[in-house]
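Notes for the structure review
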There are 2 protein chains.
Amino acid sequence: MTKDSSRPRKPKRGQTREALMAAALDLVVKKAPFSSLSLREVTKRAGVVPTAFYRHFPDMSALGLTLLDESFRTLRQMMRQVRQEELPNERMLRGSIETYFNYVRNNRAHFLFVAKELFGGTPTMRNAIRREIRMFTNELAMDMARFPFLNHVNAEDLQMMAGLVVNNVTALTQEMLELEEDDDYGQQQVLQTAEKQLRLIYFGVGQWKSSNASS
Amino acid sequence: MTKDSSRPRKPKRGQTREALMAAALDLVVKKAPFSSLSLREVTKRAGVVPTAFYRHFPDMSALGLTLLDESFRTLRQMMRQVRQEELPNERMLRGSIETYFNYVRNNRAHFLFVAKELFGGTPTMRNAIRREIRMFTNELAMDMARFPFLNHVNAEDLQMMAGLVVNNVTALTQEMLELEEDDDYGQQQVLQTAEKQLRLIYFGVGQWKSSNASS
DNA sequence: GCATTTCGTCAACATCTGTTCACTAAAAAA
DNA sequence: TTTTTTAGTGAACAGATGTTGACGAAATGC
């Protein structure tokens, strides 16, 4: 009986970790929130046996945190790049927005993952995400502090303004994620809305007087 | 053999439906998103046997939709009440905000449920929620259209402005829900931020000129 | 009063879950 | 090379899951 002399049935060795992460991300995109994925489901999609999972992660929540880290690592570096491009003014707005939303478009899976975990995840997960968002807010506030025309605005109010921007961009991102991947018209629509809304905020900021309580 | 002559072991009859809904809501608050609740879990907490579930709902997702309806029914009526209280101006802001956030505080469970389903739920669920939110946005835009000082703003831009407000209030609501129920300081903080942010938007709206494309 | 429908219980099923343990092929270290 | 460590497989477990069907008590209709 001619036994099959070549047996590279599992030629991939050392790539299982990445396969697991990709599988999980995939399932999140086209099925359910991460919190409701089962270990077996993920391993099945990754093409490995369930027990192989434990060679790479102690449990599902560890996978989740790793995925979260991956999601934000690339996002952070993009944000840094956007921030040091130009000094902000009304003209810069459009460019930044386009850069950001293009990034969202090209990293749909990661954003979907984060969006679903922002509320559906474990407390640990939720806190991690909120910490990142707060960090973005802080950085934005610091950037704004460097504008001459915002000199008279105190730190607390700068934080408030940055929060307003971040809240809105977050909401628009979620709106964008709900659209079909090929719905170019809808995406353009969201982008235009975003630009207008940020410009409106920009106007409001110009009118703001920090010291007022009720005068 | 003295048999127990009184056997009111399950004296509650006809209240199971409410018990199931309450149980589900309870579990959502202190455990996990609705999507990850199991039928057995819910019935156990409701104090009934799993099969009793089917007397009231065909499956879990039906329960979810009912819960969603309940959540929005009370919210809608409150919004209507707030809207017809006064004509909006800067002074009205504080009152409306307080009313709204008090309502959030008193209906924590329902809001938590909605927040977690907004992204974690099934497509059906998500669409239902987004439709409600869009309705609020539309109503707000219609209210704004009645202000004299917004006469020169076209319908599309009114929609955009209303969207900005709703986005932000939604985000702040979520922030509020993340706080402990007895964290009075934190809640007050969010409320103050909300007021400032809405006032800033109010300023921006005052500066807005609809017709401008780039001039 | 009796008949019927409503509504909850109980037992049982097939399926899926996370996790264990022993085993082995491949890769790295010696 | 030989040895050791790494990273996969496979069988098996106890428990939880959704759903079925037959049964009975309470509520309702007549």
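In this report, the structure presented in the accompanying data block is examined. Here the residue numbering is sequential within each chain, running from 1 through the sequence in written order. Starting at A for chains and at 1 for ligands, labels are handed out in the order in which the entities are written. In view of the model being predicted, local features appear only for residues whose pLDDT reaches at least 70, and side-chain atom pairs are presented and counted only at 80 or more, with totals across whole chains, interfaces and linings using the full set of residues. Note that water and hydrogens are dropped before the side-chain values are worked out from all heavy atoms of the structure.

What follows deals with the environment of Val104 of chain A. Residue and element names in this part refer to chain A. Runs of E in the DSSP output that reach at least two residues are strands. Runs of H or I that reach at least four are helices, and both are numbered from the N terminus. Counting through the fold element by element, Val104 comes out in helix H4 (residues 90-106). Throughout, exposure labels follow a simple rule: accessible area from a 1.4 Å probe, protein chains only, divided by the maximum for the residue type, with under 20% read as buried, over 50% as exposed, and the rest as partly exposed. According to the relative accessible area criterion, Val104 is buried, its value standing at 1%. When the C-alpha atoms of Val104 and Lys30 are compared, they prove to be 17 Å apart, with 74 residues separating the residues in sequence.

We now examine the protein's contact with DNA strand C. Close to DNA strand C lie 17 residues, the nearest being Arg40 of chain A together with Arg13, Thr16, Arg55 and His56 of chain B. Throughout, near means a residue has at least one heavy atom within 4 Å of the molecule or strand. A breakdown of the atoms of DNA strand C within 4 Å of the protein gives sugar and phosphate a share of 38%. Pairs of N or O atoms within 3.5 Å make up the polar contacts considered here, provided that, within protein, one atom can donate a hydrogen while the other can accept it, and that residues adjacent in sequence are counted only when both atoms are side-chain atoms. In the model, a phosphate oxygen of DNA strand C is placed 2.9 Å from a nitrogen or oxygen of the Tyr54 of chain A side chain. Within the side chain of His56 of chain B, a nitrogen or oxygen atom sits 2.4 Å from a phosphate oxygen of DNA strand C. Here the residues of the surface near DNA strand C are counted per class, giving 5 nonpolar, 6 polar and 6 charged. Gly is put with the polar residues, along with every residue not named as nonpolar or charged; the nonpolar set is Ala, Val, Leu, Ile, Met, Phe, Trp, Tyr, Cys and Pro, and the charged set is Asp, Glu, Lys and Arg.

Residues are treated as being in contact if the distance between any of their heavy atoms lies within 4.5 Å. Across the boundary between the two partners, chain A contributes 33 residues, which contact 33 residues of chain B. With both sides pooled, the region where chain A packs onto chain B buries about 3,300 Å², and carbon together with sulfur makes up 61% of that total. Contact with chain B buries surface across chain A, with Phe119, Glu178 and Leu200 of chain A losing the most and accounting together for 22% of the total. Any Lys or Arg side-chain nitrogen found within 4 Å of a carboxyl oxygen on Asp or Glu counts as a salt bridge. Inspection of the chain A/chain B interface yields 8 salt bridges. The salt bridge involving Arg126 of chain B is made with Glu178 of chain A; its shortest N-O contact spans 3.0 Å. Counting across the interface, chain A meets chain B through 8 residue pairs in polar contact (both at pLDDT 80 or more). Sorting the residues of the side of chain A that touches chain B by element identifies helix H5 (108-120), helix H6 (123-145), helix H7 (155-178) and helix H8 (184-207) of chain A as the ones contributing at least two each. Throughout, the accessible surface (probe 1.4 Å) given up by two parts as they are put together, summed over both, is called the buried area.

Turning our eyes to something else, we now look at the side chain of Thr43 of chain B. Relative to the helices and strands, Thr43 of chain B resides in helix H2 (residues 39-46). Take Thr43 of chain B: its relative accessible area is 0%, and that puts it in the buried class.

Turning to the relation of the copies chain A and chain B, a few remarks are in order. At an RMSD of 0.1 Å, chain A and chain B line up after a rotation of 180° and a shift of 0.0 Å along the axis. Such a turn and shift between the copies fits a two-fold axis. Minimal C-alpha distance to the rotation axis in chain A is attained by Gly204 of chain A, lying at 1.8 Å. When the interface residues of chain A are mapped onto chain B, 100% of them again fall at the interface, so both copies present the same face. Alignment of copies: least-squares fit on C-alpha atoms of residues with pLDDT of at least 70 in both copies.

Right, let's talk about the packing of aromatic side chains for a bit. Residue and element names in this part refer to chain A. Pairing of aromatic side chains requires ring centres within 6.5 Å, counting the rings of Phe and Tyr and the six-membered ring of Trp. Pairs whose planes differ by under 30 degrees are stacked, by over 60 edge-to-face, and all others tilted. Tallying each qualifying case throughout the model produces 19 aromatic pairs over all chains. Judged by centre distance (5.7 Å) and plane angle (85°), the rings of Phe34 and Phe113 are edge-to-face. Residue Phe34 is located in the loop between helix H1 (16-30) and helix H2 (39-46), and its partner Phe113 is located in helix H5; the two are separated by 79 residues in the primary sequence. Comparing Phe34 with Phe113 shows no difference in burial state: the two are buried. Ring centres 5.1 Å apart and planes at 70° place the aromatic pair Tyr100 and Phe101 in the edge-to-face group. According to the relative accessible area criterion, Tyr100 is buried, its value standing at 14%. Take Phe101: its relative accessible area is 4%, and that puts it in the buried class. By way of ring pairs, the aromatic residues Tyr100, Phe101, Tyr103 and Phe111 are connected into one cluster.

Below, the discussion takes up the protein's contact with DNA strand D. Close to DNA strand D lie 17 residues; Arg13, Thr16, Arg55 and His56 of chain A together with Arg40 of chain B are nearest. Sugar and phosphate atoms form 43% of the subset of DNA strand D atoms that lie within 4 Å of the protein. At 2.8 Å, a backbone N or O of Leu39 of chain B approaches a phosphate oxygen of DNA strand D. Class assignment for the residues of the surface near DNA strand D results in 5 nonpolar, 6 polar and 6 charged.

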